[in-house]
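The chain contents come next:
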Amino acid sequence: MPKPTPSQTVGPFFARDLLWKDGGIVLFPGRGDRMTLTGCVFDGNGAPIYDALFETWQADPTGRFPSGHDGARPYGYGRVSTDTDGRYAIETVKPGSFTGPGGATYSPQISVAIFARGLLKALHTRVFLAPIDLIKDDPLARAIGDLERLRTLVATPDPDDPKIYRWDVRLRGAGEAVFIEF
Amino acid sequence: MAETRPVDVHPPYLYPDYKSTRLRAPAQPLVRVAPSPLETAGPVFPKRFVGESEADLTTWGTSAPLGENPHPVDDHDAPLDPNFLGKGQVLTDDEGRYRVVTVKPGAYPWQNHPFGWRPAHIHFSLFGNAYAQRLITQMFFPGDPLLAIDPIFQSVPEAGRKLLIADLDLEQGIEGVALGYRWDLVVRGPRATPMGV
Ligand SMILES: [Fe+2]
């Protein structure tokens, strides 16, 4: 079996070439409850990471994975750059729960991949859109086990606007998010 | 065919000689999860250029011969080549082939360490057939003496380094106009065992 091609950093100069027009608005063929996932990405000193490529992939509201495109870009996939405050924002529809191999039920969640200068390979994780009490049987929540660590992957609805979910990501040190391999 | 555990050819997150990794690499180990439909499904791209959509591949890099990224956040002030956009996007054909006609990039200076220069490289961003196959990497040129002292290239374990270097293959080029290089990319299977465990 041939060896896979090694990963290298995206570097700091991707914005012109990789970003899509309206890449922060995730497309789906149907309709669904609109929501926004937003927050900031921080480094090990708590400083904002202003040059990250932030990508998302998710199920549709019925828990199915979209297999088409709108003629310009794929359904279900979001792609933005963080700004000078380290902030990203993804406008999408709330994904449904879905079933995996062996019948395991997955809570509503969005896959996140972060690429940046200083990341020699992507950081992968998933963010949950349900309260921590409702996700304890999720396969990823079980794999993490520790509740304090799991909390780093739970987005919080904004008290003033329940369509806005807030999720900050710390790459290293205190409050470091859980990152996964699969 | 059963997928076997691949040799880990990927760099670590923390590679102190590449200074930007020091505050961005996670300190905790990754949590290993069984692949779910999130990883085995994947985004589907429009068929814009050729054949069947097997992979969507974007390249970007530096312009020749002065080593400038045609991008506003580049603080290196070499003049831009006005004929070079710096980007190409293609879909591979039925046999997984791609072809990009571009200009050969130059080395460019960076601030990682005194007198630091990156070897000439072209960035590649690839989507395969499944989310788990997403790859961003860099292609390098054979015989470049800067490779031996580039912390980004050297972060790759020895077994993987030659996989990032293209082969000179003149017949892939354009007669009298362009040198040809051949560089194959291999992405993991969507259900492969994770690397480095
Ligand atoms: Fe570069």
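Structure first, text after, so check above.
Let us look at the structure shown here. (Residues numbered from 1 in each chain as written. Chains lettered and ligands numbered in written order. Predicted model: local features only at pLDDT ≥ 70, side-chain atom pairs only at ≥ 80, totals over all residues. Heavy atoms only, no water.)

1. A few points about the overall build of chain A
Here comes step 1: Of the regular secondary structure elements, chain A holds three helices and twelve strands.
Here comes step 2: Against the globule reference of 16 Å for 182 residues, chain A gives a C-alpha radius of gyration of 16 Å, in line with a compact fold.
Here comes step 3: Overall size of chain A, expressed as C-alpha extent along the three principal axes, is 50 × 40 × 40 Å.
Here comes step 4: For chain A, the residues scored as buried account for 58% of the 182 residues in total.
Here comes step 5: Summing over all exposed atoms, chain A offers an accessible surface of approximately 7,200 Å²; the carbon and sulfur share of this is 50%. (Helix = DSSP H or I, 4+ residues; strand = E, 2+ residues; numbered from the N terminus. Rg over C-alpha atoms; globule rule 2.2 N^0.38 Å. Buried < 20%, exposed > 50% of the residue type's maximum accessible area, 1.4 Å probe, protein only. Areas by Shrake-Rupley, 256 points an atom, 1.4 Å probe, with all protein chains shown as cover.)

2. Notes on the pattern of salt bridges
Here comes step 1: The final tally for this structure, using the stated rule, is 14 salt bridges over all chains.
Here comes step 2: Notably, a salt bridge pairs arginine 151 of chain A with glutamate 148 of chain A, separated by 3.4 Å at the nearest N-O pair. One end of the pair, arginine 151 of chain A, and the other, glutamate 148 of chain A, are both in helix α3 (residues 147-151), three residues apart, so they sit about a helical turn from each other.
Here comes step 3: Classification of glutamate 148 of chain A as exposed rests on a relative accessible area of 54%.
Here comes step 4: The partner of arginine 182 of chain B in a salt bridge is aspartate 184 of chain B, with the nearest N and O atoms 3.3 Å apart.
Here comes step 5: Exposure remark for aspartate 184 of chain B: the relative accessible area of 47% places this residue in the partly exposed category.
Here comes step 6: Linked through salt bridges whose partners overlap, the residues forming this network are Asp51 and Arg117 of chain A together with Arg24 of chain B. (Salt bridge = Lys/Arg side-chain N within 4 Å of Asp/Glu carboxyl O.)

3. Thoughts on the coordination of the iron ion
Residue and element names in this part refer to chain B.
Here comes step 1: For the iron ion, every protein donor is listed as Tyr108 (OH), His121 (NE2) and His123 (NE2), and the spread of their distances is 2.1 to 2.3 Å.
Here comes step 2: We note that the donor set of the iron ion lies within a single chain, spaced as Y-x12-H-x1-H. On the criterion of sequence distance, the pair formed by tyrosine 108 in strand β4 (residues 108-109) and histidine 123 in strand β6 (residues 121-127) is long-range, its members being 15 residues apart.
Here comes step 3: Under the relative-accessibility criterion, tyrosine 108 is labelled buried at 7%. (Donors = N, O, S within 2.8 Å, 3.2 Å for Na, K, Ca; no water.)

4. Some words on the side chain of threonine 152 of chain A
Residue and element names in this part refer to chain A.
Here comes step 1: Here threonine 152 is to be found in the loop between α3 and β9 (156-158).
Here comes step 2: By relative accessible area, threonine 152 is classed as buried at 16%.
Here comes step 3: Here threonine 152 is in contact with Trp167, Gly175, Glu176, Ala177 and Val178, once residues within four sequence places are set aside. (Contact = heavy atoms within 4.5 Å.)

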